[in-house]
Every structure is written in structure tokens, then in C-alpha cells.
Amino acid sequence: MTKTGKIELMAPAGNFESMQAALENGADSIYFGVEQLNMRARSSVNFTLDDLDEVSRRCSEKGVRTYLTLNTIIYDHDLSIIKTLLDRAKSANITAVIAMDQAVISYARQIDMEVHISTQINITNIETVKFYSLFADTMVLSRELSLSQVKKITALIEKEQIKGPNGNLVEIEIFGHGALCMAVSGKCYLSLHSHNSSANRGACKQNCRKKYTVIDQESGFEIEIDNEYMMSPKDLCTIDFLDQVVDSGVKVLKIEGRGRAPEYVATVTKCYREAIDSIEEHTYSKEKIENWMKKLETVYHRGFWSGYYLGQKLGEWSENPGSNATQKKIYIGKGRHYYPKTKIAEFEIEAYNLNIGDKILVQGPTTGSQETDVKSMRVEDISVQEAKKGDILTLPLEFKVRPSDKLYKIVKTEFSN
């Protein structure tokens, strides 16, 4: 649990850009994968063994906990790899490992590394919590539980004083925002069946996100499922009942999205940070919720619903295959230099034009994801209203820009009002 006693906000980090975005927007902890043995092995860039020290350093400077996701099914030929990875993670002072395979759990305990149980274990009752308390300090409950069921489990942990290896009461974690899988707690075999590509090894082909035609086997009659992607749930969003989530007794709120862009991590983390703080300060309100919802709609999502937390038994399904975001980014150019004394950034425009009043996004491994409006700019030291392809542009920015940074223009999409 965080030092302040508030619910811990955990943000996804698929790469350094996303990690930095999480750090700068109020995450209490981040979770990340290293190379292939995690559930986003193909959908995110992931980190390498050599990145572990840098991940640990940046996060420790901010007082942010680090969780290594090693949550795939493990085969015999993986055993030496997981031992090497866990040894390196322990050496780099990574806080904990998120695991679902007993081989990972066992070895982590052997080297005295904190273990968090993945949602794929499918914990749904207090006796299962008791069992895993022998090995783990934090547990992610099944995604299919209601908040009343979650609250019963947290109350029993307190009542029966169920403690993990660290000697503290077991902490319960739940998903608070992001993509949901149609399978029970994300354990799916469709991709393995159709493409010999196991979702449980981080190689999901996302069969469920496609549109299907249903065929009556007896008559051959075909029905196209109209306006619904029948196995593709809308994204989870709890910000409009986050006070009830906090009241359920959970200690960690997890944002899904290691495969999503840095601006998604920045926006979602910032909104939930503000919401958690407002609950603590007793300023959580309908007006604030409406504002957060508008911000959340600007980044990638498939529409929002409350999951199963409020007792709903059936999912709400997407109406299109991609994002419903109200805005998108368009690549404009790259960073060149930053003058810290005058706080002036220099960019090379490589595509499209940029105008006064445009909203821009700057992203990079150290910069993270930074949004701002263009209020003034200069080309060849002359003030201009528009910068064009090939121009070297300067403009005032409060944050440092690096040559590795990319410059984007943010534009509205068809989903915006």
C-alpha cells in the first residue's frame, strides 16, 4: 500500500515513453514486461534484461514501485530463462513479480522476491486467498467478481488476519480501467486453436475483436451479427463509481494498457490520480466525473462500461473494431535541440503543417508524453502563423525536448462531438 494510505494507482509501461508518462502523471507503481515471457509479448515493445537497472533507477527516484509481469504459462525450456530474469530483477531491486505459474511463484519465493498473483489464477473466494497467502503479498482477484463480492473478501482478510510472507495483511488488487477479454479472467484458447499462437503465452491474435457471421448448421442459414462485435467487450471504466471501488477495501487499482500508446497512459493515469485524490479530499463530484470522462474519451477506447463490478451478468459489446477515441495524433516531425535558459525547443518539420492554436504532443523515452497548445512559433527567427514541411521550428516549451523525441499534432476524429 502507498505511504499516504490511499489506494495505490498502478499504471502500465510497455516502453520507456509510457513508463515516463506514468511517472509524470501520478502513478504509485508501474508494471512492465521483459522480452517474451509476459502477456503482452507481441503487443508491446517490452523491456530487456539490460533495461532493468534503468527502470528501477527512474522509478525509485520518484518513489514508485516496480512490478515485473512474468505471467504466462511456463514450459520446461523456459525454466532457466525465468530464473535468470528473476535473479536480474532481484539484483536491480525490482519490487515484485506478477505471476500465475507455480514455477515462477516458487523460484521467486526461493530468492525472497515479493510475489503478486495474476488475475489468470482466477481467485474468487477467501479460501483461495488463504492458500496463496503462503506465497504472495498481493492478489489480483477474478475480473468477473462484483464489488460486493470483492468487499466480502477484503473484510474477511481483515477479520481473519490473513497475512502474506512479508508479515502484512494480504492486499487485494483489481482492474480499474482498460481493455477486457471475453474469456474468464483473460485465459483464452481461441488464438491457439485458430493460429497455433497462444494467448496464454502473450501471443494473442485477438480473434474476439473481429466481426463474425453465425451459421445454422442444419439449414445453412447465415446471420450477420449487426452492429456488435459479439466477443469484443467495451473497455472497463470505474472512474464514475470509484468511491465505491475505494469503499470495497481494495488496496491497488490497476490500469490495463501495456500495448497502448504513451498518451493513453498519460491521460488515464492523470485522470485516475485526480479522482483518487479527490475522494481522499472529499471533493469527488458529478462535475469532475464528467470532465474526467471527456478526457478519457480522447484516447484509445472501445466504448466504456462498468464490467461486472456493479452486478451485471452479461458484457457490453463493441460496435466497431477499433478505437472510439475523440482525437488522434498525426506525426509532424522530430526534436532537434532544447535551450534550457530560454526554454525554447527546436523541431524539424517532416510531414504536414503546424499552425498557431494547434494542440501538439511530444513523446520520447525520457520525455514521456507531453501535451500543449502552440501559442507562438518561429522559423528562421521570424514569428510565423504556420510552419511547413522542411522548416526548422522553434517554440517555447516548459519541458525539455531531446533529439529522440517525436512531434505530433492532435486532431479530432469522427467520434468527437
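Above this text is the structure in question.
A brief report on the enclosed structure follows. (Residues numbered from 1 in each chain as written. Predicted model: local features only at pLDDT ≥ 70, side-chain atom pairs only at ≥ 80, totals over all residues. Heavy atoms only, no water.)

### Examining the pairing of strand E4 (residues 96-99)
Phase 1 of the analysis: Where burial is concerned, the two faces of E4 agree: the one with Ala 96 and Ile 98 and the one with Val 97 and Ala 99 are both buried.
Phase 2 of the analysis: Running through helix H3 (residues 79-91), the crossover from strand E3 (residues 65-70) to the neighbouring parallel element E4 is right-handed.
Phase 3 of the analysis: Note that E4 and strand E5 (residues 114-117) share four bridges and pair parallel. Paired with Ala 99 across the two strands is Ile 117, which belongs to E5.
Phase 4 of the analysis: You can see the chain leave E4, run along helix H4 (residues 102-110) and come back into E5, and the turn it takes is right-handed. (Buried < 20%, exposed > 50% of the residue type's maximum accessible area, 1.4 Å probe, protein only. Helix = DSSP H or I, 4+ residues; strand = E, 2+ residues; numbered from the N terminus. Right-handed = clockwise from strand over helix to strand, strands pointing away. Pairing = 2+ DSSP bridges.)

### Details of helix H2 (residues 52-61)
Phase 1 of the analysis: All of the buried residues along H2 are Leu 52, Val 55, Ser 56, Arg 58 and Cys 59.
Phase 2 of the analysis: Where H2 ends, the next residue or the one after it, Gly 63, has phi of about 70°, a positive value.

### Some details on the packing of helix H9 (residues 262-280) against helix H10 (residues 286-296)
Phase 1 of the analysis: Packing of H9 against H10 brings their axes to within 9 Å, and their N-to-C directions diverge by 165°. Relative to H10, H9 is oriented roughly antiparallel. Judged by the sense of rotation from one axis to the other, the crossing of H9 with H10 is left-handed. Along its contact with H9, which presents Thr 267, Val 268, Cys 271, Tyr 272, Glu 274, Ala 275 and Ser 278, the element H10 presents Lys 288, Trp 292, Lys 295 and Leu 296.
Phase 2 of the analysis: Broken down by class, the residue content of the contact of H9 with H10 amounts to six nonpolar, two polar and three charged. (Axes fitted to C-alpha atoms, helices over the stretch in contact; angles between N-to-C directions. Parallel < 35°, antiparallel > 145°, perpendicular 65-115°, else oblique. Left-handed = near helix turned anticlockwise from the far one by under 90°. Contact = heavy atoms within 4.5 Å. Nonpolar A, V, L, I, M, F, W, Y, C, P; charged D, E, K, R; others polar.)

### Here's the deal with the pattern of salt bridges
Phase 1 of the analysis: One pass over the structure, following the stated rule, counts 22 salt bridges.
Phase 2 of the analysis: Residues Lys 334 and Glu 350 are paired through a salt bridge, measuring 3.6 Å at the closest nitrogen-oxygen approach. Of this pair, Lys 334 sits in strand E15 (residues 327-339) while Glu 350 sits in the loop between strand E16 (344-349) and strand E17 (354-355), and the two are 16 residues apart along the sequence.
Phase 3 of the analysis: Close ionic contact of Glu 346 with Arg 336 constitutes a salt bridge, the shortest N to O distance being 3.0 Å. Placement of the pair is Glu 346 in strand E16 and Arg 336 in strand E15, with a sequence separation of ten residues.
Phase 4 of the analysis: Classification of Arg 336 as partly exposed rests on a relative accessible area of 40%.
Phase 5 of the analysis: What you see here is one network of salt bridges that share partners, running through Lys 6, Asp 28, Arg 273 and Asp 277. (Salt bridge = Lys/Arg side-chain N within 4 Å of Asp/Glu carboxyl O.)

### A word on helix H1 (residues 16-24)
An α-helical turn contains 3.6 residues, so a residue and the one three or four places further along point in the same direction.
Phase 1 of the analysis: The buried fraction of H1 is high, at seven of nine residues.
Phase 2 of the analysis: For H1, the complete set of buried residues consists of Phe 16, Ser 18, Met 19, Gln 20, Ala 21, Ala 22 and Leu 23.
Phase 3 of the analysis: Of the surrounding secondary structure, the elements contacted by the buried residues of H1 are strand E1 (8-13), strand E2 (29-32), H2, H9 and strand E19 (368-373).
Phase 4 of the analysis: Capping of H1 at its N-terminal end is provided by Asn 15; its side-chain oxygen lies 3.2 Å from the backbone amide nitrogen of Glu 17.
Phase 5 of the analysis: Looking one or two residues past H1, Gly 26 carries a phi angle of roughly 100°, positive in sign. (Polar contact = N/O pair within 3.5 Å; in protein donor to acceptor, adjacent residues only side chain to side chain.)

### A word on the side chain of Thr 298
Phase 1 of the analysis: Note on placement: Thr 298 falls in the loop between H10 and strand E13 (304-305).
Phase 2 of the analysis: Taking relative accessible area as the criterion, Thr 298 reaches 16% and is therefore assigned buried.
Phase 3 of the analysis: Polar contacts involving the side chain of Thr 298 include one to the main-chain carbonyl oxygen of Lys 295, which spans 2.6 Å.

### Overview of the sheet that holds strand E23 (residues 392-396)
Phase 1 of the analysis: The strand order across the open sheet built from eight strands is E19-E18-E24-E15-E16-E23-E20-E21, with neighbouring strands paired in antiparallel fashion. Both edges of this open sheet fall to E19 and strand E21 (382-383), since each of them pairs with a single strand only.
Phase 2 of the analysis: Along the sheet, H9 makes contact with E15, strand E18 (359-364) and E19, crossing E19 at roughly 75°.

### Details of the environment of Gly 357
Phase 1 of the analysis: Relative to the helices and strands, Gly 357 resides in the loop between E17 and E18.
Phase 2 of the analysis: By relative accessible area, Gly 357 is classed as exposed at 54%.
Phase 3 of the analysis: Separated by 28 residues in sequence, Gly 357 and Gln 385 place their C-alpha atoms 9.1 Å apart.

### Regarding the nonpolar core
Phase 1 of the analysis: Ile 30, Phe 32 and Leu 86 are the most contacted members of the largest nonpolar core, which totals 86 residues.
Phase 2 of the analysis: Element by element, the count of residues in this core is highest for H9, at nine residues.
Phase 3 of the analysis: Contacts of Phe 32, omitting those with residues within four sequence positions, involve Ala 13, Phe 47, Leu 52, Val 55, Thr 66, Tyr 67, Leu 68, Thr 69, Ile 94 and Arg 258.
Phase 4 of the analysis: Core analysis: the second largest hydrophobic core is formed by 19 residues, Ala 345, Ala 387, Leu 395 and Leu 397 among them. (Core = buried A, V, L, I, M, F, W, Y, C linked by side-chain atoms within 4.5 Å.)

Limitation: the analysis is restricted to geometry and does not speak to function.
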